[in-house]
Amino acid sequence: MIEIRFHGRGGQGAVLASELLAQAAFLDGRSPQSFPFFGVERRGAPVTAYARVDDRPIGVRTSIVTPDVVVVLEPGLLRTTSVGDGLRTGGLLLVNSPLPPARLEAPDGVRRASVDATAIALAHGLGSRTMPIVNTTILGALARVTGVVSLEALGRAIDRYVPAAPAENRAAATDGFASVRLGDPAAPSANGAARIPFAVTVPIPEGPLARLPSSSIRTGSWRTLVPEIDERRCTRCNFCWKYCPDDAIELDGRGYPVLVLDACKGCGICAEVCPPHTIAMVAASEGP
Amino acid sequence: MTREVLSGNHAQSHAVRLARAQVISAYPITPQTTIVEKLAEFVATGALEAQLIEVESEHSALQAVVSASALGARTYTATSSQGLLLMHELLHWAAGLRAPIVMGVVNRAVAPPWNIGADHTDTMSQRDTGWIQFYPESNQEVLDTVLVAYRLAETAEVRLPVMVSEDAFYLSHTVEPVDVPEPEIVDRFLPPRTGHAILVPGTVGRLGSFTGPDRYVEFRRELARASAQVPRVLPEVEEEYRRLTGRSHGGALPTYRAEGADAVLVTMGTMTTTARTVVDELRAAGQRVGLAKLRLFRPFPDTELRRLAATVDRLGVVDRSYTFGASGAAATEVQAALYRGPHRPLVAGFLAGVGGRDVTPAHIRRMFAELLGPADPEPRWADLAPLEVDVHG
């Protein structure tokens, strides 16, 4: 049995990626199981999906905590989510990234692979610059580096189950298959102890009576867009501060809005309510 | 027959399509929504000829199908968690009016705090409403059980509504291969509903009349009698389904390697699959352990349990919900059923998987180890997080 864990963001297609993998494995004559885990059902929130493939029916119904393969659809998650948790020695980390595999951080003994799925997806017109739909591209790459499904079965699964632009998605999968790069295993650290590759703060579990301000919940990691405030045209009406659902806008001593980046999830409500339209939503990678 | 990779929710939708349900009404709630979305698609494409009634709440959804069922229609609704709680009043009405409704319930934790994970508190809170309750463990079992549920519900001596539950995400959103029977096969198993319409168009009739103490008792007694028919009718219905499709899921309390076992774990829903794998592993290591799946919770399978109790000295019962003031509902019911019987093995209650927490092979192994250790009937939380959290912040 092979266990694969997908990390993506809500709306990006991680859940469909995991399901498509199951459909393709089934077309290859194997026995799949796949399901998503939703923490918060919001566009942009981190989403995890699990897939198991075996030659006989799967005899376990739990989430995957010691995966053979981890697939990361959104490179920004590497900074905010412990995507490498539990990855088995000899396992594989596949990341949507233009970087060569050797430059990806990974737990010791884990093989690394990268594919510039964003560029490939955009070249085929899949999604937008701020929200590229990379799932089929990365599945092509996964098929190549793991052999868990055939590219042929993946193409047939895309034809049957991808609701929009199946031809483009099939072409993207083929490009992902062709261009994925597989690197060497991450070198063991000097003292032999496993390194924790990504320092991540686990949020404090909240009970029904939340005493923490909303801004303490670090939803900044969900952001694909970020507000850009043009102070010159700001009238200090404070609508943005008032309407922000996450206390992600504070007021400075002069009454101008200041962004709390850890808390801003990029929902765009501030830009919507700003009377003089001084707030623009820009791609998170290019914003503050 | 076609074999497809389907989610538990879509397995339920396909079963309702094959059952040719005539009136469907539901209100969206995660993780149920995709069941009815798929049904709406079937209706829109003509794959299912049914009336889909849009409503403003779960309470109204159940009222709509209760009324349609009273007119003789084959009906379906689906919900989850808070939605089921909002239906509570009408659950009693549906059973009391002997409306053979089938309802899909995706078992989801009840707030507070908000949580969308698998948990049986929602359906366990409805166990006294007169509904029949099934807890399948796989998407195949979901599909087959919905079809069996219609036959059972519409059997003249039963005529009671049925809930077919699915553990949230572990079934509702899990995709896996499922055999979908051909419509002609299902038509033979489940012909159109006939007879027993309470209301007839064009004829005067009323729902909700008053009954005094002189007759009310007998009315409730009739309901109890109907429920008591299930243990006899279910095997007959399942046998017929098996003849047509080749599949049966083993009645109210199917067992696995329970013969000659020193300890048997009684599980519900998806944890059963994981537990079965652990039983194989422990048997291979020479431990005599077995499994019993509490597939039917209402009516409670007393007779089957007493039969099992005659062969084993230690029973562990795993509940995926907590009944405040009394611990696990399944464990309590198992103890009650066996106290009235001749064999009284040790019954230990475990609480596990509440709020969507994984019930892992390690948890199951630990439960078996505790069951085989010093006798301790006290109910216990089997999977508390190592960190105690002050929920009041």
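As shown above, the structure is provided for reference.
So, a few notes on the structure that sits alongside this text. Residue positions within a chain follow its written sequence, with the count starting from 1. Chains carry letters from A onward and ligands carry numbers from 1 onward, assigned in written order. Whole-chain, interface and lining totals are the exception, using all residues; otherwise, since this is a predicted model, local features are given only for residues with pLDDT of at least 70 and side-chain atom pairs are given and counted only at 80 or more. The basis for every side-chain value is the complete set of non-hydrogen atoms in the structure, without hydrogens or water.

**Some thoughts on the overall build of chain A**
Phase 1 of the analysis: Broken down by element type, chain A carries 8 helices and 11 strands.
Phase 2 of the analysis: Buried residues in chain A amount to 49% of all 288 residues.
Phase 3 of the analysis: Put simply, chain A shows about 13,300 Å² of open surface, and 54% of that area lies on carbon and sulfur atoms. Put simply, DSSP marks the helices as runs of H or I at least four residues long and the strands as runs of E at least two long, and each gets a number from the N terminus on. Buried, partly exposed and exposed residues are distinguished by accessible area as a fraction of the type maximum, computed with a 1.4 Å probe on protein chains only: under 20%, between the cut-offs, and over 50%, respectively. For accessible areas, the Shrake-Rupley method is used with a probe of radius 1.4 Å. Any residue's cover is judged against the shown protein chains and nothing else.

**Concerning the overall build of chain B**
Phase 1 of the analysis: Regarding its fold elements, chain B presents 14 helices and 15 strands.
Phase 2 of the analysis: Values of the radius of gyration come from C-alpha atoms, whereas the globule rule sets the reference at 2.2 Å times the count of residues to the power 0.38. In terms of overall size, chain B behaves like a compact globule, its C-alpha atoms giving a radius of gyration of 21 Å where 393 residues would be expected to give roughly 21 Å.
Phase 3 of the analysis: A principal-axis box enclosing the C-alpha atoms of chain B has dimensions of 70 × 55 × 55 Å.
Phase 4 of the analysis: Counting across all 393 residues of chain B, residues that qualify as buried make up 57%.

**Observations regarding helix H3 (residues 58-70) of chain B**
Residues and elements named next belong to chain B.
Phase 1 of the analysis: To estimate the expected span of a helix, count its residues, drop one, and scale the result by 1.5 Å. With 13 residues, H3 extends 18 Å between its outermost C-alpha atoms, agreeing within 8% with the 18 Å of an ideal straight helix rising 1.5 Å per residue.
Phase 2 of the analysis: Of all 13 residues in H3, 10 are buried; the element is thus mostly enclosed.
Phase 3 of the analysis: Among the residues of H3, Glu58, Ser60, Ala61, Leu62, Ala64, Val65, Val66, Ala68, Ser69 and Ala70 are the ones counted as buried.
Phase 4 of the analysis: Contacts are assigned to residue pairs that have any heavy atoms within 4.5 Å of one another. Of the surrounding elements, those touching the buried residues of H3 are strand S2 (23-26), strand S3 (51-54), strand S4 (75-80), helix H4 (81-86) and helix H5 (88-96).
Phase 5 of the analysis: For H3, the capping residue at the N-terminal end is Ser57, with a side-chain oxygen 3.3 Å from the backbone nitrogen of His59.
Phase 6 of the analysis: Gly72 sits one or two positions beyond H3 and adopts a positive phi of about 100°. Any pair of N or O atoms that falls within 3.5 Å is considered a polar contact. Within protein, one atom must be able to donate a hydrogen and the other to accept it, and sequence-neighbouring residues count only if both atoms are side-chain atoms.

**Here we look at the environment of B:Pro235**
Phase 1 of the analysis: Of note, B:Pro235 is situated in helix H10 (residues 230-245).
Phase 2 of the analysis: Between the alpha carbons of B:Pro235 and B:His249 there is a distance of 10.0 Å; along the sequence they are 14 residues apart.

**Observations concerning the sheet that holds strand S15 (residues 380-381) of chain B**
All names here are of chain B.
Phase 1 of the analysis: Pairing between two strands requires that DSSP report at least two bridges joining them. One open sheet accounts for 6 strands, arranged S9-S11-S10-S13-S14-S15; its pairing is mixed. Two strands bound the open sheet, and with one partner strand each, they are strand S9 (255-256) and S15.
Phase 2 of the analysis: Here S9 runs beside strand S11 (residues 289-293); their pairing, made up of 2 bridges, is antiparallel. What sits directly across from Thr255, in S11, is Ala292.

**Comments concerning the packing of aromatic side chains**
All names here are of chain A.
Phase 1 of the analysis: Each aromatic pair joins two rings of Phe, Tyr and Trp (for Trp, the six-membered one) with centres within 6.5 Å, and gets the label stacked for planes under 30 degrees apart, edge-to-face for over 60, and tilted for any other angle. Within the structure shown, the criterion is met by 8 aromatic pairs over all chains.
Phase 2 of the analysis: Note on Phe239 and Tyr243: the rings are 6.0 Å apart at their centroids and 50° apart in plane angle, and the pair reads as tilted. Within this pair, Phe239 and its partner Tyr243 are both found in helix H7 (residues 239-243), separated by 4 residues, close to a single helical turn.
Phase 3 of the analysis: Given the relative accessible area of 44%, Tyr243 is considered partly exposed.

**Notes on the sheet that holds S2(B)**
All names here are of chain B.
Phase 1 of the analysis: With mixed pairing, the 7 strands of this open sheet are ordered in space as S3-S2-S4-S5-S7-S6-S12. Taken across any chain shown, the strands that pair with only one partner, and hence form the sheet edges, are S3 and strand S12 (296-298). Recorded for the sheet is a direction-independent mean angle of 20° between the axes of neighbouring strands.
Phase 2 of the analysis: Direction of pairing for strand S5 (residues 102-107) relative to strand S7 (residues 162-167): parallel, over a ladder of 6 bridges. Of the residues in S7, the one forming a bridge with Val105 is Ser165.
Phase 3 of the analysis: Note on geometry: axes are lines fitted to C-alpha atoms, helical ones only across the stretch in contact, with angles between N-to-C directions running from 0 to 180 degrees. Against the sheet, helix H2 (residues 33-45) makes contact with S2, S3, S4, S5 and S7, and its axis sits at roughly 145° relative to S4, the strand it touches most.

**Regarding the nonpolar core**
Phase 1 of the analysis: Nonpolar core, defined: a set of buried Ala, Val, Leu, Ile, Met, Phe, Trp, Tyr and Cys residues in which side-chain atoms within 4.5 Å join the residues together. Residues A:Ile4, A:Phe6, A:Leu142, B:Tyr76 and B:Leu147 are the most contacted members of the largest nonpolar core, which totals 99 residues.
Phase 2 of the analysis: Setting aside residues up to four positions removed in sequence, A:Leu142 forms contacts with A:Ile4, A:Phe6, A:Leu21, A:Val69, A:Val71, A:Leu94, A:Gly147 and A:Val148.
Phase 3 of the analysis: Grouped together as the second largest cluster of nonpolar side chains are 25 residues, B:Met268, B:Val312, B:Leu315 and B:Val334 included.

**A short note on the pairing of strand S5 (residues 92-96) of chain A**
Residues and elements named next belong to chain A.
Phase 1 of the analysis: S5 sits mainly inside the fold: 5 of its 5 residues count as buried.
Phase 2 of the analysis: Neither face of S5 is exposed, since Leu92, Leu94 and Asn96 on one face and Leu93 and Val95 on the opposite face are all buried.
Phase 3 of the analysis: Sheet topology places strand S4 (residues 69-72) next to S5; 4 bridges connect them, and they run parallel. Its bridge partner lying in S5, Val69 is registered against Leu92.

**Thoughts on the pattern of salt bridges**
Residues and elements named next belong to chain B.
Phase 1 of the analysis: Salt bridge, as used here: a side-chain nitrogen of Lys or Arg that lies within 4 Å of a carboxyl oxygen of Asp or Glu. Using the criterion set out here, one finds 40 salt bridges over all chains in the structure.
Phase 2 of the analysis: Among the ionic pairs, Asp262 bridges to Arg288, the shortest N-O distance being 3.2 Å. Pair noted here: Asp262 is in the loop between S9 and strand S10 (263-267) and Arg288 is in the loop between helix H11 (271-284) and S11, with a separation of 26 residues, a long-range link.
Phase 3 of the analysis: Shared partners join several salt bridges into a network, and the residues in it are Glu137, Glu141, Glu238, Arg276, Lys293 and Arg295.

**Some remarks on the pairing of strand S6 (residues 111-115) of chain A**
Residues and elements named next belong to chain A.
Phase 1 of the analysis: For S6, the buried fraction is high: 4 of the 5 residues fall into the buried class.
Phase 2 of the analysis: Where S5 and S6 come together, 5 bridges link them in parallel fashion. Its bridge partner lying in S6, Leu93 is registered against Arg112.
Phase 3 of the analysis: Two elements, S6 and strand S7 (residues 181-182), share 2 bridges in a ladder whose sense is antiparallel. Pairing of Ser114 across the sheet is with Arg181, part of S7.

**Quick word on the environment of A:Gly140**
All names here are of chain A.
Phase 1 of the analysis: Mapped onto the elements of the fold, Gly140 is located in helix H4 (residues 135-146).
Phase 2 of the analysis: Separated by 32 residues in sequence, Gly140 and Ala172 place their C-alpha atoms 7.6 Å apart.
Phase 3 of the analysis: Ignoring anything within four residues of it in the chain, the contact list for Gly140 reads Leu154, Ala173, Gly176 and Phe177.

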